[in-house]
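A closer look at the structure
Take a look at the letters that make up each chain.
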Amino acid sequence: MSVKIVYRDIAAGADEDALVTAPGAADHTDPALLPFGGSGSPIATLEPFSWVLDGSRELLDGQPLAYWSEAMSGPDGRFETPPEISIRFDSRYTSPGLLLTFDPATGDYCSHVTVEWYRGANLLKKKDFYPAGPEAFCAQTVEAWDGIVLRLRATGRPYRYAKLQKILFGVDRTFLRNELRGVRATQEVSIISDQVAVNTLDFTLDSKADIDYMFQMKQPVSAYDGDRLVGVFYIDGHDHRGKGLWSISCKDAIGVLDDDPYPARMLSSEPARELLEDVLGGHFRLELDGALAAAPLTGYLPGGSRRQALQQIAFALCAMVDTSGTDAVRVYKDREEQPRKIPLQRTYINGAVDTSAIVTAVQVTSHSYSTSGTGNDTVEVDGVTYYHTAAVTAITNPNVTAADKPNVVEVKEATLVDPGRAAAVAQHLYSYYMKRSVQKVKIVMDGEKPGDHIAAATPWDTVMDGFITSMHITLSGIAAAECSVVGVDVRAVGGSEEIASGEVMSGEV
């Protein structure tokens, strides 16, 4: 395996902000799809030499096609009146050009395109491009534009409709190992969601291309170990250290959500999926455990950031939140399935296991809210006053001895834990705090990610059965991760003997 970084050098947010008009578009197309991409289906048409009778073409039947021109090009491939596509934006953007996707399914494309960039009514730049295939990057850096006009002047073959499937306001760039230094990712998850961690990616780019990168805030960056996605991150800062040399810092979707406020709400049996999608605000895809989709949530959700709202929801659901290995925000349950075994051959030497102090009890406060009541313990949401009452659910550790110091875990501010959820949440916390061992182990990665249930060998011939809570990953020729694993240190028995056998790798955690 080898590291790969895919950087979307785009005008972040321009796709959602775009208002597309195309008076010359065919009636069966929807130009509003252009910023997001329409169907790539190979549609059968009456264009000369286009309908290949091999079953590969589809009849037009409601496919979401983004743009076809109503007019057909002439015998020389040119249009008498070039079809025009106009795009306006409420905000201003900067990009290194446009990536145009025409019709890869059939190989058709426009061979001559004129692009104009505007700021209000002022023309900033006009340039002609001559694509040579169904995907073409129109390279032209323009700053602070809020309007774009495309004129499709000719097609690559005569008697063709102009077909455009997608407009990307920028370009995808792929950086391989020979251009990358010090690629490091930190990924974390809380098993009990007492907090929702921000995953990060840092790397140095030593570019071999003569390109003036912009590295705008919140542009997406995908990190790969070979073809395996490590995570999707967003530009948080950069330092131009020399010609072609950049230091880049990124954060994941959780970090972006931390910058965005979310208002206080009073919930009454709100389905988890609807609530979570509202918290994500349409900015990120939700990957939700099916067991949680319809779970109802009742209680007070305080105002704050979207990240804070996400933490309150996940805690009440006894769920975990993570972005590792996906392009979505993943919310899922720990099902305590059989652990994935990490053989000693993938484990570095000098690991360690620490044992925390025994927890003597867990106490969870549940919360109820009503529009009627007395007292000063109230909250106001949308101009309505709600009276608050609280109750405590406790679980005491029966294994506590007289020699153990009191060590009570108290949760008081989880305001979405209503009386009906208190017992399940308390049991979830209690089960977690009974896992007193924390293993520090460095492994060669093979698809592991935070939240995974694993069994890993220790240097003293035992096995740690637990959950990965953090990974500090170094991506180079071999992807290695320094992991924290919360669980129980057990003897290698039953089916676990093979974990504690073999060769240990050299190196230190």
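Residues numbered from 1 in each chain as written. Predicted model: local features only at pLDDT ≥ 70, side-chain atom pairs only at ≥ 80, totals over all residues. Heavy atoms only, no water.

**Things to note about the overall build of the protein chain**
What counts, and what does not: Counting from the N terminus, the helices are the DSSP runs of H or I reaching at least four residues and the strands are the DSSP runs of E reaching at least two. A 1.4 Å probe rolled over the protein chains alone gives each residue an accessible area, and that area as a share of the maximum for its type sets the label: buried under 20%, exposed over 50%, partly exposed in between. Contacts are residue-level and defined by heavy atoms, with any inter-residue pair within 4.5 Å sufficient. What sets the accessible areas is the Shrake-Rupley method with a 1.4 Å probe; for residues, cover comes only from the shown protein chains. Positive charges come from Lys and Arg, negative ones from Asp and Glu, while His and the chain ends are left out of the count. We put the charge of a Lys on NZ, of an Arg on CZ, of an Asp on CG and of a Glu on CD.
A count of helical and extended segments in the protein chain gives 5 helices and 32 strands. Principal axes of the C-alpha set define a box for the protein chain whose edges measure 95 × 65 × 50 Å. Within the protein chain, the proportion of its 509 residues that are buried is 52%. Of all intrachain contacts in the protein chain linking residues separated by at least 6 positions in sequence, the fraction that spans at least 24 positions is 75%. As displayed, the protein chain has an accessible area near 23100 Å², and 48% of this comes from carbon and sulfur atoms. Averaging the positions of the 46 positive and the 68 negative side-chain charges in the protein chain gives two centres separated by 4 Å.

**Re the sheet that holds strand β26 (residues 378-381)**
Paired through backbone hydrogen bonds, the strands of a sheet run either parallel or antiparallel to each other. The condition that has to hold: Should DSSP find at least two bridges between two strands, the strands are regarded as paired. To get an axis, a line is fitted to the C-alpha atoms, and for a helix only the part in contact is used. The angle between two axes follows their N-to-C directions and goes from 0 to 180 degrees.
The strand order across the open sheet built from 4 strands is β26-β27-β25-β28, with neighbouring strands paired in mixed fashion. In the strand order of this sheet, the two ends are held by β26 and β28 (408-411), each with one partner. Each strand axis lies, on average, 30° off the axis of its neighbour in the sheet, ignoring direction. As judged from the 4 bridges shared by strand β25 (residues 361-370) and β28, these two strands associate in the parallel manner. In the sheet register, Val364 faces β28, and the bridge partner there is Val411. Across the sheet, helix α5 (residues 422-433) touches β25, β27 (384-396) and β28, and the angle it forms with β25 is around 155°.

**What about the packing of aromatic side chains?**
Applicable threshold: Planes of paired rings set the category: under 30 degrees apart is stacked, over 60 is edge-to-face and the rest tilted, where pairs are Phe, Tyr or Trp rings (Trp by its six-membered ring) whose centres lie within 6.5 Å. Both a distance and an angle decide whether a charge sits over a ring: NZ of Lys or CZ of Arg must be within 6 Å of the ring centre and within 35 degrees of the ring normal.
Within this structure, the stated rule accounts for 15 aromatic pairs. Taken together, a centroid distance of 6.0 Å and an interplanar angle of 20° make the contact between Trp68 and Tyr161 stacked. Of the two residues, Trp68 is situated in strand β3 (residues 67-72) and Tyr161 in strand β8 (residues 161-164); the sequence distance between them amounts to 93 residues. Classification of Tyr161 by relative accessible area gives partly exposed; the value is 24%. Seen from their ring centres, Phe215 and Trp246 are 5.0 Å apart, and the 65° between their planes marks the pair as edge-to-face. Of this pair, Phe215 sits in the loop between β12 (200-206) and β13 (220-225) while Trp246 is found in strand β15 (residues 245-251), placing the two residues 31 residues apart along the sequence. Classification of Trp246 by relative accessible area gives buried; the value is 4%. The ring of Tyr224 has Lys4 lying over it, and the distance from NZ or CZ to the ring centre is 4.8 Å.

**Digging into α5**
Going by this rule: Here a helix's expected span is defined as the number of its residues, less one, multiplied by 1.5 Å.
With 12 residues, α5 ought to run about 16 Å at 1.5 Å a step, and its terminal C-alpha atoms sit 16 Å apart, in line with that. Of all the positions in α5, only Ala422, Val425, Ala426, His428, Leu429 and Tyr430 are classed as buried. The inward-facing, buried residues of α5 contact α4 (306-317), β25, β27 and β28.

**Concerning the sheet that holds strand β22 (residues 329-333)**
Reading across from one edge, β18-β22-β21 is the order of the 3 strands in this open sheet, with mixed pairing throughout. Each edge of the sheet is formed by a strand with only one pairing partner; in this case those strands are β18 (286-288) and β21 (319-322). Strand-to-strand twist of the sheet, defined as the mean angle between neighbouring strand axes without regard to direction, takes the value 15°. Of the strands in this sheet, β18 and β22 are in contact with helix α3 (residues 272-280), which crosses β18 at around 155°. Packing of α4 onto the sheet brings it into contact with β21 and β22, and relative to β21 it is tilted by some 145°.

**Here we look at the environment of Thr204**
One can find Thr204 in strand β12. Setting aside chain neighbours within four positions, we find Thr204 in contact with Glu179, Leu180, Arg181, Gly182, Arg241, Leu245, Trp246 and Ser247.

**Points about the confidence of the model for the protein chain**
Counted only if it meets this: On a scale of 0 to 100, pLDDT captures the predictor's confidence in every residue.
Summing up the model confidence of the protein chain, the mean pLDDT is 90 and the portion of residues at 70 or higher is 95%. This stretch, residues 492-509, has a pLDDT under 50; its non-local contacts, to residues over four places away or in other chains, come to 52 contacts.

**Here we look at the pairing of strand β30 (residues 453-457)**
The side chains of a regular strand alternate between the sheet's two faces. Of all 5 residues making up β30, 5 are buried, and the element is well covered by its neighbours. Neither face of β30 is exposed, since His453, Ala455 and Ala457 on one face and Ile454 and Ala456 on the opposite face are all buried. Looking at chain direction, strand β23 (residues 340-342) and β30 are connected through 3 bridges and run parallel. Bridging from a neighbouring strand, Arg340 pairs with Ile454 of β30. One ladder, built from 5 bridges, connects β30 with strand β31 (residues 462-475); its direction is antiparallel. Across the sheet, the residue bridging to His453 is Phe467, located in β31. Counted between consecutive antiparallel strands, the loop separating β30 from β31 contains 4 residues, among which Asp461 sits at a positive phi close to 65°.

**Digging into the pairing of β15**
By the criterion of burial, β15 is predominantly enclosed, with 5 of the 7 residues buried. Across 7 bridges, the pairing between β12 and β15 is antiparallel. Bridging from a neighbouring strand, Thr200 pairs with Lys251 of β15. One ladder, built from 7 bridges, connects strand β14 (residues 228-242) with β15; its direction is antiparallel. Following the sheet pairing, His238 is matched in β15 by Ile248. In sequence, β14 turns back onto β15 through a hairpin of 2 residues, with Gly244 there showing a positive phi of about 75°.

**So, the pattern of salt bridges**
Rules: The salt bridge criterion pairs a side-chain nitrogen of Lys or Arg with a carboxyl oxygen of Asp or Glu, the two atoms within 4 Å.
Considering all chains together, one arrives at 26 salt bridges under this definition. Residues Arg157 and Asp108 are paired through a salt bridge, measuring 2.9 Å at the closest nitrogen-oxygen approach. Linking Arg157 in the loop between β7 (135-155) and β8 with Asp108 in the loop between β4 (84-101) and β5 (110-119), this pair joins segments that are 49 residues apart in sequence. Accessibility expressed as a relative area gives 38% for Arg157, which makes it partly exposed. Each of the salt bridges in this network shares a partner with another, and the network as a whole consists of Arg228, Arg340, Arg346, Asp446 and Glu448.

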